[in-house]
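Chain and residue survey
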Amino acid sequence: MIRAFTVFLLCLLLAGCGMKDIDKRFYVVAMGIDWSGNPEKPFRVSIRLAITSAKVESGSSKTQIQTIDAPSIAEGVRHLKSFVDKELDFGHCRIFVMGKTLFDHNDPSSMSWFARRRDIQAVSYVGVGEPDALSVLKVVPKSERYPGNALTLTFGNEGSESPYTVTTYLFDLTRRHFERGLDPALPIIRGKESTYEIDRVLIMGKRRPHLILDPEETMLFNMTAKQFPKSELKMPYGKKRIVLTVNQIRSKINVSKDDIPKVTLNVMITGILEESPPFVLEKDWQGIERKLGERFSRQVERLLYKIRDSGTDPYGFGLHYLAAYFGDEQDYKHWESVYPQVKFKVNTRVKISGPGVVR
């Protein structure tokens, strides 16, 4: 009896389950952070909430958006709870959009809330909203089957796979922000009527300098830095054009240890001709491969010098330098001082596997 009574007393000390039912939860499917313009409450926090429905088809997604200005992101989220009748759940939030002007007014480290929150997935996608994050959250594509599905398919390569779209994960953004010799690159999301335009990238620096690449530069960056295969090479050929569909691409970075280091980028590209004049391969197969490689090398070299002159390093050349030569703090300071003078050399080898299907 004493043992049974003791067990009964211990059971009284056990805590109950704090789990709330699904019908008492609001699932956040997207979140945006903007600069409010008020120094006392600089963060404009916006959340897109999914309204559950048994009907799943194109155009059937239902959402509502709540917005508030707050001194910090955490305080804004806490305050937003008073605007709804259910508990906010970030477990299904895979999209985080930060307004373009936010980077000009706030230190990115102040947004560490994303990495610290326990119910936010580290594999969530991060992007930059233009002109702001709220306008991006308000876009509801007609093809969206359930809330947040359009952007998830775009960045997850489960739907569209475009060489103009750069995917950045939350864990990678955090790593690049704190890692020496490596800077973040974020896709720019623009809302256009009932769809999105995601064909540019914003490159951030450790001290707030940033560079925006146009669509062609974004594709080159995606091919060489991310090794994105489903892209293309093109060049004029007489009065017509040659377009090579890339099936495979590999790149390797070598950094020399000189007073002024030299960065060599070796690229290997394999693909098929998707568009070309008739019988062009029979005339000059190897010559076309050489010309495509030389043209691609010149384009990438111009891009690398443009990135260098902006003071950013999304390729991680500084990290390669430190890793190859066991660099310490003194070596990294030397790299920072000579990075504006670093020379680049791109060697591209193109292999055409065939002309595609010719009938």
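Below you will find a few notes about this structure. For clarity, every value in this text was computed on a predicted model and none was experimentally measured.

Summarising the sheet, strand 10 (residues 231-237) and strand 11 (residues 240-255) pair through 7 bridges and their orientation is antiparallel. Within strand 11, the position partnered with Tyr237 by the bridge is Lys240. Connecting strand 10 to the antiparallel partner strand 11 that follows it, the hairpin turn spans 2 residues, and Gly238 within it adopts a positive phi of roughly 70°. Sheet topology places strand 11 next to strand 12 (residues 262-275); 12 bridges connect them, and they run antiparallel. When the bridges of strand 12 are listed, Thr245 appears paired with Ile272.

Bringing the pattern of salt bridges into the picture now. This structure, assessed with the given rule, holds 19 salt bridges. We note a salt bridge from Arg190 to Glu197, for which the minimum N-O separation is 3.4 Å. A relative accessible area of 26% means that Glu197 is categorised as partly exposed. Note that Lys192 and Glu197 form a salt bridge whose closest N and O atoms lie 3.3 Å from each other. Via salt bridges that share partners, Lys100, Glu130, Arg190, Lys192, Glu197, Asp199 and Arg200 belong to a single interconnected network.

Looking now at the packing of helix 8 (residues 215-225) against helix 9 (residues 280-309). It is the contact of helix 8 with helix 9, at a shortest axis distance of 10 Å, that shows an interaxial angle of 100°. Viewed along their axes, helix 8 and helix 9 adopt a mutual orientation that is roughly perpendicular. Across the interface between the two elements, Glu217, Leu220, Phe221, Met223 and Thr224 from helix 8 touch Phe296, Gln299, Val300, Leu303 and Lys306 from helix 9. In the contact of helix 8 with helix 9, the residues fall into 6 nonpolar, 2 polar and 2 charged.

Glancing now at the environment of Phe103. For Phe103, the position within the fold is in helix 3 (residues 102-105). For the pair Phe103 and Ser353, spaced 250 residues apart in sequence, the C-alpha to C-alpha distance is 44 Å.

A few words now on the packing of aromatic side chains. Applying the stated rule across the entire model yields 13 aromatic pairs. Taking the centre distance of 5.5 Å and the plane angle of 35° together, the rings of Trp335 and Tyr339 count as tilted. Among the residues examined, Tyr339 registers a relative accessible area of 8% and is labelled buried. Through a chain of ring-to-ring contacts, the aromatic side chains of Phe221, Tyr305, Tyr315, Phe317 and Phe344 assemble into a single cluster. One residue, Lys86, lies across the ring of Phe26, its end atom 4.9 Å from the ring centre. Above the ring of Tyr332, the side-chain terminus of Arg180 is found at 5.2 Å from the ring centroid.

The next subject is the nonpolar core. Among the nonpolar cores identified, the biggest contains 44 residues, and Leu233, Ile269, Phe317 and Trp335 are the most heavily contacted of them. Among the elements that take part in this core, helix 9 stands out by supplying 9 residues, more than any other. Listed in part, the 31 residues of the second largest apolar core include Phe90, Leu102, Phe114 and Val126.

Pairing is mixed in the open sheet, where 4 strands are placed in the order 10-11-12-13. What marks the edges here is a single partner per strand, and that holds for strand 10 and strand 13 (343-354). Within the sheet, the average angular offset between the axes of one strand and its neighbour, ignoring direction, is 35°. Contacting strand 10, strand 11 and strand 12, helix 8 crosses the sheet at an angle of about 125° to strand 10.

In this structure, Pro131 follows Glu130 across a cis peptide bond, with omega equal to 5°. Topologically, Pro131 is positioned in the loop between strand 6 (125-130) and helix 5 (133-137). A positive phi angle, near 55°, is found at Glu193, a position not held by glycine. Inspection of the secondary structure puts Glu193 in the loop between strand 7 (185-192) and strand 8 (195-204). On the basis of relative accessible area, Glu193 is assigned to the exposed category, the value being 77%.

Right, let's talk about the packing of helix 10 (residues 317-324) against helix 11 (residues 329-338) for a bit. Interhelical geometry of helix 10 versus helix 11 gives an angle of 145° and a closest axis separation of 10 Å. In the packing of helix 10 onto helix 11, the handedness of the crossing is right-handed. Mapping the contact onto sequence places Phe317, Gly318, Tyr321 and Leu322 in helix 10 and Asp331, Tyr332, His334 and Trp335 in helix 11. The class makeup of the residues in the contact of helix 10 with helix 11 is 5 nonpolar, 2 polar and 1 charged.

Attention now moves to helix 8. Buried residues dominate helix 8, accounting for 8 of its 11 residues. Regarding helix 8, the residues found buried are Glu217, Thr218, Met219, Leu220, Phe221, Asn222, Met223 and Thr224. Capping the start of helix 8 is the job of one residue whose side-chain oxygen sits 3.2 Å from the backbone nitrogen of Glu216: Asp214. The first or second residue beyond helix 8 is Gln227, which carries a positive phi of 55°.

Between the antiparallel neighbours strand 11 and strand 12 lie 6 residues. Both strand 12 and strand 13 contribute to a ladder of 11 bridges, which runs parallel. Bridged to Gly271 within strand 13 is Ile352.

The rules behind each value
Residues numbered from 1 in each chain as written. Predicted model: local features only at pLDDT ≥ 70, side-chain atom pairs only at ≥ 80, totals over all residues. Heavy atoms only, no water. Pairing = 2+ DSSP bridges. Helix = DSSP H or I, 4+ residues; strand = E, 2+ residues; numbered from the N terminus. Salt bridge = Lys/Arg side-chain N within 4 Å of Asp/Glu carboxyl O. Buried < 20%, exposed > 50% of the residue type's maximum accessible area, 1.4 Å probe, protein only. Axes fitted to C-alpha atoms, helices over the stretch in contact; angles between N-to-C directions. Parallel < 35°, antiparallel > 145°, perpendicular 65-115°, else oblique. Contact = heavy atoms within 4.5 Å. Nonpolar A, V, L, I, M, F, W, Y, C, P; charged D, E, K, R; others polar. Phe/Tyr/Trp six-rings, centres within 6.5 Å; stacked < 30°, edge-to-face > 60°. Lys NZ or Arg CZ within 6 Å of the ring centre and 35° of its normal. Core = buried A, V, L, I, M, F, W, Y, C linked by side-chain atoms within 4.5 Å. Left-handed = near helix turned anticlockwise from the far one by under 90°. Polar contact = N/O pair within 3.5 Å; in protein donor to acceptor, adjacent residues only side chain to side chain.

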